[in-house]
Protein chains: 2
Amino acid sequence: MKFIYTPASPFARKVLVAAHEAGIAGRLQLVEQAVSPVARNPEVAARNPLAKVPVLELDDGTPLYDSRVIVAYLAELPGAASIMPPGAQRWPALRLHALADGLLDAAVLLRYETALRPVALRWPEWIDGQMGKVRAALDSIEADAAALQGPATVERIAVACALGYLDFRFAGEDWRCGRPGAAAFYEAFSQRPSMKATAPA
Amino acid sequence: MKFIYTPASPFARKVLVAAHEAGIAGRLQLVEQAVSPVARNPEVAARNPLAKVPVLELDDGTPLYDSRVIVAYLAELPGAASIMPPGAQRWPALRLHALADGLLDAAVLLRYETALRPVALRWPEWIDGQMGKVRAALDSIEADAAALQGPATVERIAVACALGYLDFRFAGEDWRCGRPGAAAFYEAFSQRPSMKATAPA
């Protein structure tokens, strides 16, 4: 299977960490591609019309996306170690995964607004609104920090990749301040080989 | 269960259509809320830190989001008619659902850029990039129009709601032109009671 990704993408990293935790990362042939919302990459667009990464290309050429679909697919491969939360914990875990993805959606939009869009066209209210989503998501993660304790299942992987992305792209935003539970989780989780193997440069 | 939504949200409509098709829409107490990416709605934010709709509030007060998580939850309720694609069709169906969601992500960002953001701060390259995603997604849906034939499962519901959103917000974009398969699908699907009951005003 080919995994089309960019190392800076937190959604791609989430998939890669999940693959490592499931013990199947070695089955992925990594294909690095650069993507931008204002310049379609034809190699990516040929597999995903949205021109986004990550994309998983199966051996028969079938592409799969988005990151949640790929993670669900990898989790069901023969020989994959369990990375999905068990029955009763499924719904809060899926919600936490969605929260981490939503935090990242806001953070990525912030990145586009503050690093890609011409300076004269930036909108302070938009920046405040998206940053408000990021901070409220962090507060919610902190308020339910008990949910971060347990095996390295997808929702915890998603949270860890979201926190790692903030360190990577928003180093000036001290997300640890006032959030000791989330900080302690990330401190420990980021030591896992899966996280070390996938850290953006 | 309370369903917190706004009628103009295509993601909320997708959930409502799915609930109608599963025969459980009557179990949802509809709670209408207005949302904006630049003004947090406290009623919504109290349930979803991302301050987005839709949110499903279970009878014990537990909130669930985002739309994919809610649809998956509703699909497993006792008495719900099947709205999930069967085994072998699962992966292409999940991909199609993700494609429809990604089309909508781009369309909603376009809406924010062209209707909400101050005129002087709009960025033509961003508009072109997001519109490119919408059009390429439509072309992909057309190229695999055979996948639109079959029961009203979530991926077809998602596509129908995406096409309906384009009619609602982008009437000037003639998405039917050159896409007879998608147009015929929508013409028929939009006659379903589930779609008629949920059409935005």
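This text goes with the structure placed above it.
Reference entry: report on the structure contained in this document. Numbering of residues starts from 1 in each chain and follows the order in which that chain's sequence is written. Whichever chain is written first is A, and whichever ligand is written first is 1; the rest continue in order. The predicted nature of this model means local features are confined to residues of pLDDT at least 70 and side-chain atom pairs, given and counted, to a pLDDT of 80 or more, with totals for whole chains, interfaces and linings taken over all residues. The side-chain numbers reported here are obtained from all heavy atoms of the structure, hydrogens and water having been left aside.

**Some points on the layout of surface pockets**
Condition: Site definitions follow a grid-based scheme: protein atoms alone, a 1 Å grid, a 1.4 Å probe that fits but cannot get out for cavities, and for pockets an open set with protein on both sides within 12 Å along at least five of seven lines, plus lining residues having an atom within 4 Å of a point. Grid points are joined across faces, edges and corners, and a volume is the space filled by probe spheres set on the points. Segments assigned H or I by DSSP are reported as helices when at least four residues long, segments assigned E as strands when at least two residues long, and all are numbered from the N terminus. Note on residue categories: nonpolar means Ala, Val, Leu, Ile, Met, Phe, Trp, Tyr, Cys or Pro, charged means Asp, Glu, Lys or Arg, and polar means any other residue, Gly included.
In this structure, the second largest pocket occupies an estimated 700 Å³ of space. Taken together, the elements giving at least two residues each to the lining of the second largest pocket come down to helix H3 (67-75) and helix H4 (90-116) of chain A together with helix H3 (67-75) and helix H4 (90-116) of chain B. Broken down by class, the residue content of the lining of the second largest pocket amounts to 17 nonpolar, two polar and six charged.

**Overview of the environment of Tyr165(A)**
Residue and element names in this part refer to chain A. Cut-off, in case you're wondering: Pairs of residues are marked as contacts when any of their non-hydrogen atoms sit within 4.5 Å.
Relative to the helices and strands, Tyr-165 resides in helix H6 (residues 154-169). Taking the C-alpha atoms as reference points, Tyr-165 and Phe-189, separated by 24 residues in sequence, lie 14 Å from one another. If sequence neighbours within four positions are ignored, Tyr-165 has contacts with Ala-8, Pro-10, Leu-104, Ala-107, Val-108, Arg-111 and Phe-170.

**What about empty space enclosed by the protein?**
Scanning all chains against the criterion turns up three cavities of 30 Å³ or more. Reported here for the largest cavity is a volume of approximately 100 Å³. Considering the residues around the largest cavity, the lining is formed by Leu109(A), Tyr112(A), Glu113(A), Arg117(A), Trp123(A), Trp126(A), Leu109(B), Tyr112(B), Glu113(B), Arg117(B), Trp123(B) and Trp126(B). When contributions to the lining of the largest cavity are tallied by element, the ones reaching two or more residues are H4 of chain A together with H4 of chain B. Considered class by class, the residues forming the lining of the largest cavity number eight nonpolar, no polar and four charged.

**Digging into the interface of chain B and chain A**
Defined as follows: By buried area we mean the combined loss of accessible area, with a 1.4 Å probe, across both parts when two parts are placed together. Any carboxyl oxygen of Asp or Glu within 4 Å of a side-chain nitrogen of Lys or Arg constitutes a salt bridge here. Pairs of N or O atoms within 3.5 Å make up the polar contacts considered here, provided that, within protein, one atom can donate a hydrogen while the other can accept it, and that residues adjacent in sequence are counted only when both atoms are side-chain atoms.
With 45 residues of chain B in contact, the opposing surface of chain A contributes 45 residues. Of the roughly 3900 Å² buried where chain B meets chain A, counting both sides, 66% is carbon and sulfur surface. Looking at the side of chain B facing chain A, the largest losses of area belong to Trp91(B), Arg95(B) and Trp123(B), adding up to 17% of the total buried there. At the surface where chain B touches chain A, the tally comes to six salt bridges. In this structure, the salt-bridge partner of Glu76(B) is Arg90(A), at a minimum N-O distance of 2.7 Å. At the junction of chain B with chain A, the criterion picks out 13 residue pairs in polar contact (both at pLDDT 80 or more). Secondary-structure elements contributing two or more residues to the side of chain B that touches chain A are strand S4 (63-64), H3, H4 and helix H5 (124-143) of chain B.

**Quick look at the sheet that holds strand S2 (residues 29-32) of chain B**
All names here are of chain B. Filter applied, for reference: Here the rule is simple: two strands pair whenever DSSP picks up at least two bridges between them.
Overall, mixed pairing links the four strands, which are arranged S2-S1-S3-S4 in an open sheet. Of all strands in the sheet, those bounded by a partner on one side alone are S2 and S4. Judged from the four bridges that link them, strand S1 (residues 2-5) and S2 form a sheet pairing that is parallel. By the bridge assignment, Ile-4 is partnered in S2 with Val-31.

**What to know about the side chain of Gln130(A)**
Applicable threshold: Summary of the burial criterion: residues with accessible area below 20% of their type's maximum are buried, those above 50% are exposed, and those between are partly exposed, where the area comes from a 1.4 Å probe applied to protein chains only.
Mapped onto the fold, Gln130(A) is located in helix H5 (residues 124-143). Under the relative-accessibility criterion, Gln130(A) is labelled buried at 4%. Among residues more than four places away in sequence, those in contact with Gln130(A) are Ala106(A), Leu109(A), Leu110(A) and Pro37(B).

**Description of the relation of the copies chain B and chain A**
In summary, the two copies of the chain are related to each other by a rotation about an axis coupled with a shift along it. Heads up, the condition is: Least-squares superposition of the copies uses the C-alpha atoms of those residues scoring a pLDDT of at least 70 in each of them.
With an RMSD of 0.0 Å, the operation that places chain B on chain A is a rotation of 180° combined with a shift of 0.0 Å along the axis. The relationship between the two copies is best expressed as a two-fold rotation axis. Among all residues of chain B, the minimum C-alpha distance to the rotation axis is found for Leu121(B), at 2.1 Å. The residues that chain B uses at the interface reappear at the interface of chain A in 100% of cases, marking a shared surface.

**Overview of the sheet that holds strand S2 (residues 29-32) of chain A**
All names here are of chain A. So the rule is basically this: Lines are fitted to the C-alpha atoms to define the axes, a helix being fitted only along its stretch in contact, and any angle between axes, read from their N-to-C directions, falls within 0 to 180 degrees.
Taken together, four strands build an open sheet; the order of strands is S2-S1-S3-S4 and the sheet is mixed. The open sheet terminates on both sides in strands that have one partner only, identified here as S2 and strand S4 (63-64). Helix-sheet contacts for helix H1 (residues 10-22) involve strand S1 (2-5) and S2, and the interaxial angle to S1 is about 150°. Against the sheet, H3 touches S1, strand S3 (55-57) and S4, its axis set at about 40° to S3.

**Considerations on the packing of aromatic side chains**
All names here are of chain A. Note the cut-off: In this scheme Phe, Tyr and Trp rings, the latter by its six-membered ring, pair at centre separations within 6.5 Å, and the angle between planes marks the pair as stacked below 30 degrees, edge-to-face above 60, and tilted otherwise. Only when the NZ atom of a Lys or the CZ atom of an Arg is both within 6 Å of the ring centre and within 35 degrees of the ring normal do we say a charge sits over the ring.
The full count for this structure, using the stated rule, is 14 aromatic pairs over all chains. For the ring pair Phe-185 and Phe-189, a centre distance of 5.1 Å and an interplane angle of 40° mean the geometry is tilted. Of this pair, Phe-185 and Phe-189 both sit in helix H7 (residues 180-189), four residues apart, which is roughly one turn of that helix. Under the relative-accessibility criterion, Phe-189 is labelled buried at 6%. Above the plane of the ring of Phe-189 lies Arg-192, whose end atom (NZ or CZ) is 5.3 Å from the centre.

**Description of the environment of Lys196(A)**
Residues and elements named next belong to chain A. Looking at the secondary structure, you find Lys-196 in helix H8 (residues 193-196). On the basis of relative accessible area, Lys-196 is assigned to the exposed category, the value being 54%. Residues Lys-196 and Ala-120 lie 76 residues apart in sequence; the distance between their C-alpha atoms is 38 Å. The residues touching Lys-196, leaving out its near neighbours within four places in the chain, are Ser-190 and Gln-191.

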